[in-house]
Structures are given as C-alpha cells and as structure tokens.
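Letter by letter, the chains look like this.
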Amino acid sequence: MAAPLRIQSDWAQALRKDEGEAWLSCHPPGKPTLYGSLTCQGIGQDGIPEVTASEGFIVNEINKITCLDISSGGGLGVSSSTDGSMKIWQASNGELRRVLEGHVFDVNCCRFFPSGLVVLSGGMDAQLKIWSAEDASCVVTFKGHKGGILDTAIVDRGRNVVSGSRDGTVRLWDCGRSACLGVIADCGSSINGVAVGAADNSINLGSPEQTPSEREVGTESKMLLLAREDKKLQCLGLQSRQPVFLFVGSDAFNCCTFLSGFLLLAGTQDGNIYQLDVRSPRAPVQVIHRSGAPVLSLLNFRDGFIASQGDGSCFIVQQDLDYLIELTGADCDPVFKVATWEKQIYTCCRDGLVRRYQLSDL
C-alpha cells in the first residue's frame with residue numbers, strides 16, 4: 001500500500017522563490033510519520049526551480065505543463081508535459097481521470113477533437129498521436145516529420161488534421177488510414193503555430209494543381225495560416241496549396257488564429273500582436289503592443305480575443321479591441337496556452353499550474 005504524502009498547500013508558489021521552503025510529511029502504514037521539507041536552490045535558465053529535499057525524501061524530477069485544451073462539452077481537460085505524458089482531468093475540479101503515455105521527450109501540443117472523446121498530440125519525438133480519452137489508449141501514430149511537432153489543427157469534424165514542425169513542413173493527415181495526404185508547405189523555417197479557418201467568399205484561394213484525394217474531407221474553402229520562425233506569417237489555401245499572402249513581421253511569429261473569414265491575429269517573439277485583413281494584408285489593421293515579452297498564445301473569444309505572454313500577462317480584449325480584462329496569478333511566469341468553455345477560462349503556466357477563471361457577463 002502506498003504511503004500518503006501531504007504537502008504545504010501553496011508549495012508551488014513557495015518553491016518559486018530562491019531559498020523558498022515547503023513542508024511535507026509521509027505516514028507509512030504501521031510506522032511513525034516522517035516529516036521533511038523541500039527547498040528551492042534557485043531557478044534554472046529554463047525557468048524550472050532546482051529543488052532539494054530533506055533527509056528521507058527525494059526529488060526525482062520537475063516537469064512543466066506545455067499546453068492544454070478543454071473538451072467541447074466542457075467536462076474534461078487535457079494537459080501535456082515535458083516528461084512525455086499527458087493528463088486527462090475533470091475540468092470542474094482538476095481531478096485526474098487518465099494518464100496518456102507514449103511520446104518520447106516533451107509533448108508540445110494537445111487538443112481535443114470536436115467529439116470531446118479523442119485527443120490529438122504532437123511531440124519533440126516528431127510523432128503525431130491520436131488517443132482515446134475514455135481508456136487512455138493510443139489508437140493512431142503518424143510518422144513522417146523529421147523534427148519536433150510544434151502545433152496542430154483539426155479540419156472540420158476531424159477526418160483530417162494538420163501539423164506544423166521544426167523541420168519547416170506542414171503536413172495534412174488522414175486519420176482513418178493513418179496516412180499523410182501531402183506536404184502542404186515546406187518553408188525551410190520552423191513552423192511555430194498553425195491555424196485553419198473558413199474563408200470569406202470574397203477571398204480567392206486558387207485552384208489545386210492536382211485533383212485532391214477523396215480522403216481529403218472539409219479542406220475546400222479553408223485557409224491555412226502559418227506562424228514561422230523566420231519572421232514570416234504565411235497564408236495559403238488548404239485544398240489548393242496556393243499562396244494567399246506572405247507578411248513579414250518584426251520578429252519570429254509564435255502563434256496565430258482566425259477571428260473571422262477575413263480577419264486574423266498573429267503574435268511575435270518581441271511582443272507584437274498583428275491584426276490583419278486577408279483581403280488587404282500588406283499593412284496591418286493594427287498592431288497591439290503591451291510589453292516586449294513573447295506572445296505565446298492567441299485565442300478567438302466572444303467579440304475579441306485572449307492573449308498570453310512570456311511575462312505572465314494574460315488578457316482579454318473585447319468590443320472593437322478597446323476593452324481589456326487582465327487575468328492575474330501567473331506572477332511573471334510565461335503563460336503557454338489558454339483554453340475556454342463558455343464563461344470559464346483555463347491557462348497553463350511554466351510554474352506547473354493550471355488556473356481556472358470564472359467570468360461574469362462581459
């Protein structure tokens with residue numbers, strides 16, 4: 001029988017500080033309770049604390065959460081970690097439901113399929129995997145990328161998915177046959193973020209040079225947006241593979257999202273959030289700059305969007321981009337990802353915590 005371990009309730013905050021301490025205790029059955037402490041010996045360059053334990057306890061490893069998502073019904077959450085695993089948890093209280101294990105090295109991205117019962121993940125092992133949230137089994141593994149997968153997108157109901165990689169390519173996959181339907185783009189630069197959106201009728205997406213595979217489902221009239229490491233934001237027709245525009249920004253693009261059939265957002269390493277109109281993309285509609293910290297995630301939300309940055313800031317912009325709500329708590333630690341369900345907002349941060357915010361009416 002495993003011995004119950006108790007730990008100071010605010011241990012995560014306490015161990016973020018140099019020489020910060022947190023108590024813990026362990027009561028093995030039939031033996032006296034063992035009391036001890038954890039001490040932070042400093043913060044490493046990767047932002048992860050170096051923690052030591054008092055006699056009788058050992059710190060095996062410290063992991064950070066890299067990404068999260070909430071299921072379409074709002075009942076489940078999934079989060080990925082640098083230890084190669086993912087966790088499925090109850091969104092209402094964080095109770096652990098399943099552990100998904102199979103990636104080697106960091107899992108960079110995870111998201112639910114529209115059904116809310118299946119999860120897509122991409123890792124530094126260059127593998128894309130599909131999992132059952134019900135029994136934690138890995139049902140499909142896609143191989144083909146030569147570098148770590150940094151972001152994914154799901155096309156319509158999920159017969160096809162898109163992946164962007166450090167190898168500079170974006171691939172379209174057939175989930176039913178576990179096969180690659182083609183390399184959509186080969187940029188020669190790391191693809192940090194991808195987004196798929198339905199195009200407004202006024203946008204010319206071009207025509208495919210070859211007849212699309214019958215296994216391509218829902219790719220017509222869709223735009224594919226790529227946030228690239230070489231300071232370029234690229235948009236192309238998902239089915240046609242034809243270029244729509246190429247925009248050069250101030251620094252590496254980390255993330256991107258569509259706001260509508262012609263409006264989009266993209267965030268850079270130097271803190272700029274570009275709003276572009278696909279119909280006239282040469283000059284931005286506007287550039288939002290709140291700090292020089294990297295923009296790490298962007299999410300379409302209500303009549304605006306949610307952004308998170310590397311300095312711990314996370315904010316909601318509403319009503320024609322002039323009304324702002326700050327989400328607090330991350331305290332200078334990068335907020336890697338934001339997910340929402342109705343009035344709930346979830347964030348994952350370098351301090352290893354998932355935070356849930358309840359919004360009143362906006």
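It should be emphasised that the depicted structure is a prediction, and the values quoted were computed from it without experimental measurement.

Regarding the layout of surface pockets
Phase 1 of the analysis: Estimates place the volume of the second largest pocket at around 1,100 Å³.
Phase 2 of the analysis: Around the second largest pocket sit 36 residues that line it, and Trp11, Glu61, Ile62, Asn63 and Gly352 are the ones nearest its centre.
Phase 3 of the analysis: Looking at the lining of the second largest pocket, the elements that each hand over two or more residues are strand 1 (5-7), helix 1 (11-14), strand 4 (49-53), strand 6 (76-81) and strand 7 (85-90).
Phase 4 of the analysis: It is strand 7 that provides the largest number of residues to the lining of the second largest pocket, a total of four residues.
Phase 5 of the analysis: The residue inventory of the lining of the second largest pocket, partitioned by class, reads 21 nonpolar, eight polar and seven charged.
Phase 6 of the analysis: Two domains each put at least three residues into the lining of the second largest pocket: domain 1 (5-53) and domain 2 (65-358).

Observations regarding the UniProt feature "repeat: WD" (unreviewed entry) in the protein
Phase 1 of the analysis: Look at the UniProt record and you will see "repeat: WD" (unreviewed entry) annotated at residues 58-99, 100-141 and 142-174.
Phase 2 of the analysis: Split by type, residues 58-99 is 0% helix and 52% strand. Its first and last C-alpha atoms lie 23 Å apart.
Phase 3 of the analysis: Structurally, residues 100-141 is divided into 0% helix and 55% strand, and its ends, taken at the C-alpha atoms, are 13 Å apart.

Things to note about the packing of aromatic side chains
Phase 1 of the analysis: One pass over the full model with this rule turns up four aromatic pairs.
Phase 2 of the analysis: Taking 6.2 Å as the distance between ring centres and 45° as the angle between the ring planes, the aromatic pair formed by Trp89 and Tyr346 counts as tilted. Placement of the pair is Trp89 in strand 7 and Tyr346 in strand 30 (residues 344-349), with a sequence separation of 257 residues. Across the pair, exposure class does not vary: Trp89 and Tyr346 are buried alike.
Phase 3 of the analysis: Aromatic pair Phe247 and Tyr274: ring centres 5.3 Å apart, planes at 70°, arrangement edge-to-face. With Phe247 in strand 20 (residues 243-248) and Tyr274 in strand 23 (residues 272-277), this pair connects stretches of sequence that are 27 residues apart.

What about the sheet that holds strand 28 (residues 323-327)?
Phase 1 of the analysis: Spatial ordering of the open sheet is given by 25-26-27-28, a layout of four strands whose pairing is antiparallel. Taken across any chain shown, the strands that pair with only one partner, and hence form the sheet edges, are strand 25 (295-301) and strand 28. Neighbour-to-neighbour, the strand axes of the sheet open up by a mean angle of 20°, direction not taken into account.
Phase 2 of the analysis: Pairing geometry for strand 27 (residues 314-318) and strand 28, over five bridges, is antiparallel. Paired with Gln318 across the two strands is Tyr323, which belongs to strand 28.

Observations concerning the nonpolar core
Phase 1 of the analysis: In this structure, Met86, Ile88, Val119, Phe142 and Val161 are the most contacted members of the largest nonpolar core, which totals 25 residues.
Phase 2 of the analysis: The biggest single contributor to this core is strand 9 (residues 107-112), with four residues.
Phase 3 of the analysis: For Met86, the residues in contact, after removing those within four places along its chain, are Val78, Ser79, Ser80, Arg98, Val99, Leu100, Val107, Cys110, Val119, Ser121 and Trp131.
Phase 4 of the analysis: By size, the runner-up hydrophobic cluster in this structure holds 19 residues, among which are Ala199, Leu205, Phe253 and Leu276.

Conventions used here
Residues numbered from 1 in each chain as written. Predicted model: local features only at pLDDT ≥ 70, side-chain atom pairs only at ≥ 80, totals over all residues. Heavy atoms only, no water. 1 Å grid on protein atoms, 1.4 Å probe; cavity = no way out; pocket = protein on both sides within 12 Å on 5 of 7 lines; lining within 4 Å. Points joined across faces, edges and corners; volume = space filled by probe spheres on them. Helix = DSSP H or I, 4+ residues; strand = E, 2+ residues; numbered from the N terminus. Nonpolar A, V, L, I, M, F, W, Y, C, P; charged D, E, K, R; others polar. Domains from an automatic or database assignment. UniProt positions renumbered as here; feature names shortened; annotations may be inferred. Phe/Tyr/Trp six-rings, centres within 6.5 Å; stacked < 30°, edge-to-face > 60°. Buried < 20%, exposed > 50% of the residue type's maximum accessible area, 1.4 Å probe, protein only. Pairing = 2+ DSSP bridges. Axes fitted to C-alpha atoms, helices over the stretch in contact; angles between N-to-C directions. Core = buried A, V, L, I, M, F, W, Y, C linked by side-chain atoms within 4.5 Å. Contact = heavy atoms within 4.5 Å.

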